[in-house]
Amino acid sequence: MALKHAHDFMSEAEYLQGEMLAEIRHEYIDGEVFAMAGASRNHGLLVANCVQVLSNHLQSGTCMTFSSDIKVKTERCFFYPDVMVVCDDEEGDDYYTEKPRLIIEVMSKSTRRMDKTTKLAAYKTLPSLLEYVLIEQDHVEIELFRRSQNWFAEHYFLGDEVELESVGLTVSVADLYRRVDNEDMRDYLQHLQQQAH
């Protein structure tokens, strides 16, 4: 989701208090507060597909999947990740966590720079975070950063399987993009139809 500048400098306490009352969500970066814009249909489908796959996989364990409603706190920021898995935070706050194991952001043209720079740098400071996943909505591409690989980017495309070591799950790129409408998916589905005949 895109961010637009909302307020002048604000303390963390003021921000957290304001979020309890706010009708729209805001992210907090080094004392500045940014309003979050609405999301597209493809964005919503990608988030829903990720949540469904992760929730089904994790339903019998202690890890929990959250979507866009629980904040993650880094050193001087609060963000609302599109999808997040938290495993060991029973003592944490009801409205944010500092212990995500996996974070997924669905990118658009307006959020790509923030997701790849500011958020990547902030998320890497979290000791609990093992993987950070960026999913393009306008074409099919998944970028995966792992702590175990020193945050080196790995890229996945249609036909690939993505192994999420942080939660012990392997999922196909096509499953994560199910029902998403972009040129790559249209070409892929057309190709599958042609193979079937």
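All of these numbers come straight from a predicted model, not from anything done at the bench.

Analysis parameters
Residues numbered from 1 in each chain as written. Predicted model: local features only at pLDDT ≥ 70, side-chain atom pairs only at ≥ 80, totals over all residues. Heavy atoms only, no water. Helix = DSSP H or I, 4+ residues; strand = E, 2+ residues; numbered from the N terminus. Rg over C-alpha atoms; globule rule 2.2 N^0.38 Å. Buried < 20%, exposed > 50% of the residue type's maximum accessible area, 1.4 Å probe, protein only. Pairing = 2+ DSSP bridges. Contact = heavy atoms within 4.5 Å. Salt bridge = Lys/Arg side-chain N within 4 Å of Asp/Glu carboxyl O.

S.K.: Which residues make up the overall build of the protein, and what values go with them?
M.R.: Along the backbone of the protein there are six helices and 14 strands. Relative to the globule expectation of 16 Å for 197 residues, the C-alpha radius of gyration of the protein, 17 Å, shows essentially globular dimensions. Projected onto its principal axes, the C-alpha positions of the protein cover 60 × 35 × 30 Å. Counting over 197 residues, the protein shows a buried share of 47%.

S.K.: Which residues make up the pairing of strand S13 (residues 161–164), and what are the values?
M.R.: Residues Val 162 and Leu 164 of S13 are buried on one face, while the alternating residues Glu 161 and Glu 163, pointing to the opposite face, are not. The sheet contact formed by S13 and strand S14 (residues 169–172) spans four bridges and is antiparallel. What sits directly across from Val 162, in S14, is Val 171. Connecting S13 to the antiparallel partner S14 that follows it, the hairpin turn spans four residues, and Gly 168 within it adopts a positive phi of roughly 65°.

S.K.: Which residues make up the environment of Leu 144, and what values go with them?
M.R.: Topologically, Leu 144 is positioned in strand S11 (residues 142–146). According to the relative accessible area criterion, Leu 144 is buried, its value standing at 0%. Distance in space between the C-alpha atoms of Leu 144 and His 191 is 26 Å, their sequence separation being 47 residues. Look past the residues within four positions of Leu 144 in its chain and what remains in contact with it is Glu 131, Tyr 132, Val 133, Phe 152, Ala 153, Glu 154, Tyr 156, Val 162, Glu 163 and Leu 164.

S.K.: I'd like a rundown of the pattern of salt bridges, residues and numbers included.
M.R.: Evaluation of the coordinates by the stated rule reveals 12 salt bridges. A salt bridge links Glu 27 to Lys 119; the shortest N-O distance between them is 3.3 Å. Here Glu 27, found in strand S2 (residues 26–29), pairs with Lys 119, found in helix H4 (residues 118–123); they are 92 residues apart in sequence, far enough to count as distant. Look at Glu 27 and you get buried, because its relative accessible area is 0%. Taking the shortest distance from any N to any O, the salt bridge between Glu 136 and Arg 112 comes out at 2.7 Å. On the criterion of sequence distance, the pair formed by Glu 136 in strand S10 (residues 131–136) and Arg 112 in helix H3 (residues 112–116) is long-range, its members being 24 residues apart. For Glu 136, a relative accessible area of 5% gives the class buried. Overall, the relative accessible area of 24% leaves Arg 112 in the partly exposed class. Put simply, Glu 27, Glu 105, Asp 115 and Lys 119 are held in one network by salt bridges that share partners.

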